[in-house]
Each structure stands twice: as C-alpha cells, then as structure tokens.
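# Architecture at a glance
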Amino acid sequence: MAIDPNEITADEFWKYRKHNKHSEFIEGSIFQLSPNNWMHGDITSELNMRLRAYVKKNNLGLVTSSGTGYRLTKYTVVAPDCGFIAKERIP
C-alpha cells in the first residue's frame, strides 16, 4: 500500500497498519519493526507476566502485549513491548 508518510495522520496510519502490523508511526514517519531475538522475548514475557499479575491482583487496569498500538499524538502511534492502561482510562 503506497502512502506518503508526510501526508497522513495517526487515524490514517491505523488503516495502513491493518496491512502491515509490524510498524510504528512516529512524528509523521512510518518505521518498520524488526523481529526481536529470543532473549528480548524472554525478558518482555517475564515483565508482562509479573506486571499483569500485579495489575490484576490490585484491580488497576489492563496490561497489553507488544502488538498493541498506542496513539500518543495526532502523528505518533507506538507499540511498546509491554503496555498499561489504567482502569479509569479503559475505552
């Protein structure tokens, strides 16, 4: 899908991301993400598991994995390895 990154917003990026899930949109530019190595996967898996247990035990909100996109601004969407959404901010 051909898109000029200088002419799209985060809303339009969500449509693009349906076709290319391994990307982030930072300050108007699209960045392709590379696969991580096994050590990175092990560490983020452990972090996600521990954080999720704590958040659920204390009813604080949701913990998300690396495939979840977070819209930070009109021109920035990131997909952190592990994310948190406070209970009062869950859509």
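Below, the structure is looked at part by part. (Residues numbered from 1 in each chain as written. Predicted model: local features only at pLDDT ≥ 70, side-chain atom pairs only at ≥ 80, totals over all residues. Heavy atoms only, no water.)

We now examine the packing of aromatic side chains. Applying the stated criterion across every chain yields a total of one aromatic pair. Judged by centre distance (5.1 Å) and plane angle (10 degrees), the ring pair of F13 and F25 falls under stacked. Placement of the pair is F13 in helix α1 (residues 10–17) and F25 in strand β1 (residues 23–26), with a sequence separation of twelve residues. Owing to a relative accessible area of 0%, F13 belongs among the buried residues under this scheme. (Phe/Tyr/Trp six-rings, centres within 6.5 Å; stacked < 30°, edge-to-face > 60°. Helix = DSSP H or I, 4+ residues; strand = E, 2+ residues; numbered from the N terminus. Buried < 20%, exposed > 50% of the residue type's maximum accessible area, 1.4 Å probe, protein only.)

Below, the discussion takes up unusual backbone geometry. A negative phi angle is the norm for most residues apart from glycine, just as the trans form is the norm for most peptide bonds. At E27, a position not held by glycine, the phi torsion is positive, near 50 degrees. When you line up the elements, E27 lands in the loop between β1 and β2 (29–32). Under the relative-accessibility criterion, E27 is labelled exposed at 70%. Positive phi values are uncommon outside glycine, yet N59 reaches one of about 50 degrees. As for its position among the elements, N59 is in the loop between α2 (38–57) and β3 (61–64).

Okay, α2 next. An α-helical turn contains 3.6 residues, so any two residues separated by three or four positions project in the same direction. With 20 residues, α2 extends 28 Å from end C-alpha to end C-alpha; this agrees with the ideal 28 Å at 1.5 Å per step. Within α2 the residues assigned to the buried category are T44, N48 and V55. Each buried residue of α2 sits inside an arc of 40 degrees when the element is viewed along its axis, so together they form one side. For α2, the exposed residues lying more than 90 degrees away from the buried face are W38, I43, M49, R50, Y54 and K57. The opening residue of α2, the one whose side-chain oxygen lies 3.1 Å from the backbone nitrogen of M39, is N37. Looking one or two residues past α2, N59 carries a phi angle of roughly 50 degrees, positive in sign. (Expected span 1.5 Å × (residues − 1). Arc of directions from axis to C-beta. Polar contact = N/O pair within 3.5 Å; in protein donor to acceptor, adjacent residues only side chain to side chain.)

With that out of the way, let us pick up the nonpolar core. Soluble, globular proteins show a tendency: their nonpolar side chains are buried together. I8, A10, F13, Y16, F25 and V77 together form the largest nonpolar core, which totals six residues. The element that contributes the greatest number of residues to this core is α1, accounting for three residues. Contact partners of V77, with chain neighbours within four places excluded, come to A10, F13, W14, E24, F25, G69, Y70 and R71. (Core = buried A, V, L, I, M, F, W, Y, C linked by side-chain atoms within 4.5 Å. Contact = heavy atoms within 4.5 Å.)

Turning our eyes to something else, we now look at a nonpolar patch on the surface. Together, W38, M39 and I43 line one region of the surface with nonpolar side chains, adding up to about 400 Å² of accessible area. Positionally, I43 belongs in helix α2. What makes I43 exposed here is its relative accessible area of 52%. (Patch = residues over 30% accessible without salt bridge, like charges linked within 9 Å, V, L, I, M, F, W, Y side chains within 5 Å. Areas by Shrake-Rupley, 256 points an atom, 1.4 Å probe, with all protein chains shown as cover. Salt bridge = Lys/Arg side-chain N within 4 Å of Asp/Glu carboxyl O.)

Everything listed here is a matter of geometry and, on its own, says nothing about what the molecule does.
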